[in-house]
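# Reading the structure
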Amino acid sequence: MSAPDTAGTPDLEVLAPPRHWEADVLLRDGRTAHIRPIRPEDRDVFVEFYARVSDESKYYRFFSPMPRLSDRDLDRFTNVDHVNRVALVLTLQGRIIAVGRYDVIEPGEAEVAFLVEDQHQGRGIAQLLLEHLAQAARERGVERFVAEVLPDNTRMIQIFREAGYRVVSEYEEGVLQLEFPIDPTDTAIGLMNNREHRAESASIEKFFNPRSVAVIGASRRQETIGQALVRNMVTGDFAGRVYAVNPTSHAVSGLPTYKTVSDIPDEVDVAIVAVPAESVQDVVLDCAAKGVHGLVVISSGFAETGEEGRVRQRKLVGLSRSYGLRLIGPNCLGIINTAADVSLNASLSPLMPPRGRAGFFCQSGALGTAILEKVYNRGLGLSTFVSAGNRADVSGNDLLQYWEEDDSTEVVLLYLESIGNPRKFSRIARRVSLRKPIIAVRSGRTTQGVPMGHAVRKIAAPAAAVDAMFRQAGVIQVDTLEEMFDVAQLLAHQPLPRGRRVAIVGNSDALGLLAADAAAAVGLVVNKSTALGADASAEDFEDALDAAIDDPEIDSVVAVYVPPINVSGEDVANVLAAVGEQSDKPLVSSFLGAEGVPELLRVPDVAGSTAGRGSVPSYPGVEAAVRALARVVEYAVWLRTPDDPGADPTTVDAAGAKRLVHDLLVQNPEGTELELEPLTELLAAYEIELWSTRSVADRAQAVAAGADLGWDVVLKATAEHLRERPDQAHVWRNIDTPEEMTDAWDSLSGLITEPGKAGFVVQKNSRPGVPVSIRSIEDPLFGPVVSFGIAGPLTELLGDKSYRIPPLGGRDAASMVREIKSSPMLFGYRGSEVVDVAEIERLIQRVAQLQNDLPQISSLDLSLVLAGADGATVLTASARVDPVLDPRSDWFVRRMPTAGSDTPPN
């Protein structure tokens, strides 16, 4: 791209690169690689890399023939200071396959260049290197990149233009000069997320649609894992080729065996591994040599067993990724694809679920068997199934990326025992939920406990914040597996309701009343209830159902049928099925107490599913039917509620706030609480005005402050252990004279044990209003978390707070204000004034934006905001800055988690 400056540079102090500059990454084709800073000891492998690069690629990089690098060139390329000269290499199987670097040419500006081995071009490598170099440069204070590119190097020009930055170009002496700021714009982040989506989806697609599968550890012995895997593959009628690998057997289940994967004469896409844990690493090397795409490791004996197993698991994941392999497991049940042209049962489950519209992800292998049995018994049907076990590599986020574009999957089911990267989960789920409903069960919801084999960071945010994250993303969170299937069978077969209005049609008065009570309890509105009587005929049901469906005041219908005598009810079933197929409103039933989608209520499906669109789900009790309908209504309401972008992000001074935080950390490298002046400046940068406040240390300063503010002031103690006392004993109001201030100072000082630590301040009296608080923290797992509630100890005791994960839209802020139980206080409770809710929402969005922009703000607390009819006054605030030791997992670059660590999985 441009010739290197071989004249050398002055010796600079070499700093160790930050550890997060090194990471596993996913390429465009779904395979893995490793990115890291270059090292002096890379000289030999760099020479080997350079020798494999074509003369054309070298010419494009250096603008002249450079068949070999001199010792001086090698010194320059492999010795960098990680500040003004930064170089990152991409490695695969221990070999360098690409290098990207930038060199600072003047303060704030650096020249960037890349060189990718020819056989690996077209895999999105230069884009990945540009993302990581840009982030490293931002951390080092670089604001823009420049590059020189030959005009016919169209591929490199395209890479820069497709990065999402504002690229300016001009020609000079036959060379194209490119210049662009590297600030992460919304466009750049959006394009990066799109590339992430395509890569992760591609990596999972290879697992679900293999042309050939090798079962490693296949066995002739009955009741062994290896025997069960081969048997399930064969009896499941897998459309591809199955190869059995066993070094000691000649045949397994009628299949010839091979001693190693390398001995198989044809290509192998996926390997199912069922060998002792200590032998799995040898299998990885064998599969890598064969060119296998991915591994499904059924074997146990890893992180679920303790520290020795955790070490073994870290080595397994690290080795797999270093050779470009993705891994499902270990300690998992396996994977299933029910598509007729694939028919893959690469699992320990003897039950192949029927074809359906739901994709299912779970973690526990043992629980996976029970789940598949429930699915089979209900006739629900699945498109695909994954049990990820310890989810050391492939996680639920990867499956969401795949299912988003999978036409065979219309509903996503998740059984989550832990969430390694909730911030990324929230981002992906928000997007997927706009197209397909996601239903989730989360174990350990109250205790926030996780299985032994799952490595995740500790969550500082309360459990309510996790629940709020699910709601914010449109995820339908349910409490049990039974409820998950109840909701799934409704979403898979019936349309979404337009609102909460329900009609009940049945032949039992008692069950009709029970359904009405259940509906009211879950927020549904019963607009019509038709009791047909015990002897109602099929024609009676048809007339009543048609009337309810045609009623514009009805959004959904609940049908209850309990025959007075022991009859099949086939004629009523035919009516329900016919109405369900033709209706554009959802119809649920409690039909003969059946569970699932009974044969009589099914509509044939041309796609081969067990039950087609329009089939009517049945529930053993009306309460379950109504509860499932209510969950779907909430999702439909979320889907139809517009989400405006909220407060204008361009009107804040984010750059000034970043400089302020940087300066504070330079002065206080261990972190510090913000004093009043920098706190006021920080809030002002995000258009949050802190009420005029004077810190005072003695009586004389208090008197002077009161006079300076023109009196009508308050004196209050702001120390954390004093400021939320319900009796307000540490606030003195309506002070207008020196004598009153003296009396106030003496009185408050006498009430406080250590008045010197009380943090006394003097403020102008504010307008009356409802006291609210807005807070944010930087959670080690979530990243930024924002909360809102009425200020005071009762809120803390009752936990009456709302939570959200930034970034927030207008819908999120509005929901936060309205979902707390004490929200009526803001909307004219008992004749009081309605407060300026729009201003509260604006403050919430500004706090969220500040916390999202500045991860160094470990906590921000607007602990007392008085919300009145004409605005809101921020009376008390505090904040703390701390150095960022572990950057957020999705901080403007794509990276996979460190193998087997407690950093967030992708």
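These numbers were taken from a predicted model, which means no experiment stands behind them. (Residues numbered from 1 in each chain as written. Predicted model: local features only at pLDDT ≥ 70, side-chain atom pairs only at ≥ 80, totals over all residues. Heavy atoms only, no water.)

### Things to note about the packing of helix 1 (residues 43-52) against helix 3 (residues 71-78)
At a closest axis distance of 10 Å, the pairing of helix 1 and helix 3 adopts a crossing angle of 110°. Comparing their axes, helix 3 and helix 1 come out roughly perpendicular. Residue-level contacts link Arg43, Phe46 and Val47 of helix 1 to Asp71, Leu74, Asp75, Phe77 and Thr78 of helix 3. Residues of the contact of helix 1 with helix 3, tallied by class, amount to four nonpolar, one polar and three charged. (Axes fitted to C-alpha atoms, helices over the stretch in contact; angles between N-to-C directions. Helix = DSSP H or I, 4+ residues; strand = E, 2+ residues; numbered from the N terminus. Parallel < 35°, antiparallel > 145°, perpendicular 65-115°, else oblique. Contact = heavy atoms within 4.5 Å. Nonpolar A, V, L, I, M, F, W, Y, C, P; charged D, E, K, R; others polar.)

### Focus: the pattern of salt bridges
This model, assessed by the stated rule, comprises 54 salt bridges. Between Glu796 and Lys801 there is a salt bridge, and its shortest N-O distance comes to 3.3 Å. The exposure class assigned to Glu796 is partly exposed, which follows from its relative accessible area of 38%. Through salt bridges with shared partners, a single network forms among Asp24, Arg321, Arg326, Asp393 and Asp398. (Salt bridge = Lys/Arg side-chain N within 4 Å of Asp/Glu carboxyl O. Buried < 20%, exposed > 50% of the residue type's maximum accessible area, 1.4 Å probe, protein only.)

### Examining the nonpolar core
By size, the foremost hydrophobic cluster in this structure holds 57 residues, and its most contacted members are Val296, Ile335, Leu414, Phe425 and Phe470. Here this core gets five residues from one element, more than from any other, and that element is helix 13 (residues 463-472). Look past the residues within four positions of Val296 in its chain and what remains in contact with it is Phe207, Val270, Ala271, Ile272, Val273, Ile328, Cys332, Gly334 and Ile335. Core analysis: the next-biggest nonpolar cluster, separate from the first, contains 47 residues, Val411, Met484, Val487 and Val622 among them. (Core = buried A, V, L, I, M, F, W, Y, C linked by side-chain atoms within 4.5 Å.)

### Quick look at a negative patch on the surface
Side chains of Asp535, Glu539, Asp540, Glu542, Asp543, Asp546, Asp550, Glu570 and Asp571 sit close together on the surface and give a patch of like negative charge. Where the negative patch is concerned, the elements lending two or more residues are helix 16 (538-550) and helix 17 (570-582). Within the secondary structure layout, Asp571 lies in helix 17. (Patch = residues over 30% accessible without salt bridge, like charges linked within 9 Å, V, L, I, M, F, W, Y side chains within 5 Å. Areas by Shrake-Rupley, 256 points an atom, 1.4 Å probe, with all protein chains shown as cover. Lys, Arg positive; Asp, Glu negative; His and termini not counted. Charge placed at Lys NZ, Arg CZ, Asp CG, Glu CD.)

### Topic: the sheet that holds strand 23 (residues 501-506)
Across the sheet, four strands lie side by side as 24-23-25-26; this open sheet has parallel pairing. Where the open sheet ends on each side, the last strands, each with one partner, are strand 24 (525-531) and strand 26 (587-591). Sheet twist, expressed as the mean angle between neighbouring strand axes with direction ignored, is 15°. Here six bridges tie strand 23 to strand 24, and the two strands are oriented parallel to one another. Bridge assignment links Ile504 to a residue of strand 24, and that residue is Ser529. (Pairing = 2+ DSSP bridges.)

### Section: the state of the cysteines
Here the structure, examined in full by the defined rule, presents zero disulfides. Lacking any disulfide linkage, Cys287 is separated from the closest cysteine sulfur, that of Cys332, by 14 Å. Taking the relative accessible area as the measure of exposure, Cys287 reaches 0% and is therefore buried. Cysteine Cys332 shares no disulfide, and the gap to the nearest cysteine sulfur, in Cys362, comes to 9.4 Å. Classification of Cys332 by relative accessible area gives buried; the value is 4%. (Disulfide = S-S within 2.5 Å.)

### Topic: the sheet that holds strand 22 (residues 476-478)
Ordered by their spatial adjacency, seven strands build an open sheet running 17-16-19-18-20-21-22, and the pairing between neighbours is mixed. Looking at the sheet topology across the chains shown, the edges are occupied by strand 17 (344-347) and strand 22. Geometrically, the sheet is characterised by an average inter-axis angle of 15° between neighbouring strands, direction not taken into account. Against the sheet, helix 6 (residues 186-208) engages strand 16 (334-337), strand 17 and strand 19 (382-387), with an angle of about 80° to strand 16.

### Points about the pairing of strand 32 (residues 770-779)
For strand 32, a buried count of seven out of 10 residues is recorded, marking the element as mostly surrounded by other parts of the structure. As paired elements, strand 32 and strand 35 (residues 857-868) share seven bridges and run antiparallel to each other. Bridged to Val772 within strand 35 is Val865. For strand 32 and strand 33 (residues 783-790), the ladder comprises eight bridges, and the chain directions are antiparallel. Of the residues in strand 33, the one forming a bridge with Glu778 is Pro784. Where strand 32 hands over to strand 33, the hairpin turn is made up of three residues, counted between the paired strands.

### Re unusual backbone geometry
Pro330 follows Gly329 through a cis peptide bond whose omega is -5°. Considering the arrangement of structural elements, one finds Pro330 in the loop between strand 15 (326-328) and strand 16. With omega at 5°, the peptide bond leading from Pro806 into Pro807 counts as cis. As for its placement among the helices and strands, Pro807 is situated in the loop between strand 34 (802-804) and helix 24 (810-819). With phi around 65°, His82 is a residue other than glycine that occupies positive phi space. Mapping His82 onto the fold places it in the loop between helix 3 and strand 3 (85-92). Overall, His82 belongs to the buried group, its relative accessible area being 7%. Here the phi dihedral of Glu223 falls at roughly 60°; this positive angle occurs in a residue that is not glycine. With respect to the helices and strands, the residue Glu223 is situated in the loop between strand 9 (212-216) and helix 7 (225-235).

### Some words on the environment of Ile820
Among the structural elements, Ile820 can be located in the loop between helix 24 and helix 25 (837-853). Overall, Ile820 belongs to the buried group, its relative accessible area being 3%. Along the sequence, Ile820 and Ala657 sit 163 residues apart, while their C-alpha atoms lie 31 Å from each other.

### Observations regarding the packing of helix 21 (residues 699-708) against helix 22 (residues 738-751)
What describes two packed helices is the angle between their axes and the distance between those same axes. Where helix 21 contacts helix 22, the two axes come as close as 9 Å, and the packing angle between them is 140°. What the angle tells us is that helix 21 and helix 22 run oblique. When the axes of helix 21 and helix 22 are compared, the crossing they make is right-handed. Taking contact as the criterion, the partners of Arg699, Ala702, Val703 and Gly706 in helix 21 are, on helix 22, Pro738, Met741, Thr742, Trp745 and Asp746. (Left-handed = near helix turned anticlockwise from the far one by under 90°.)

### Here we look at the pairing of strand 31 (residues 760-764)
Most of strand 31 sits inside the fold, with four of its five residues counted as buried. As paired elements, strand 28 (residues 693-695) and strand 31 share three bridges and run antiparallel to each other. Pairing of Arg694 across the sheet is with Val762, part of strand 31. Both strand 29 (residues 713-717) and strand 31 contribute to a ladder of five bridges, which runs antiparallel. Counted as the bridge partner of Ala717 is Phe760 from strand 31.

### Some details on the environment of Lys58
Position of Lys58 relative to the elements: it lies in helix 2 (residues 55-62). According to the relative accessible area criterion, Lys58 is buried, its value standing at 5%. Lys58 sits 57 residues away from Leu115 along the chain, and the two C-alpha atoms are 7.7 Å apart. If we ignore the near neighbours within four places in the chain, the residues touching Lys58 are Tyr50, Ala51, Val53, Phe63, Ser64, Met66 and Pro67. A distance of 3.2 Å separates a polar atom in the side chain of Lys58 from the backbone oxygen of Tyr50. (Polar contact = N/O pair within 3.5 Å; in protein donor to acceptor, adjacent residues only side chain to side chain.)

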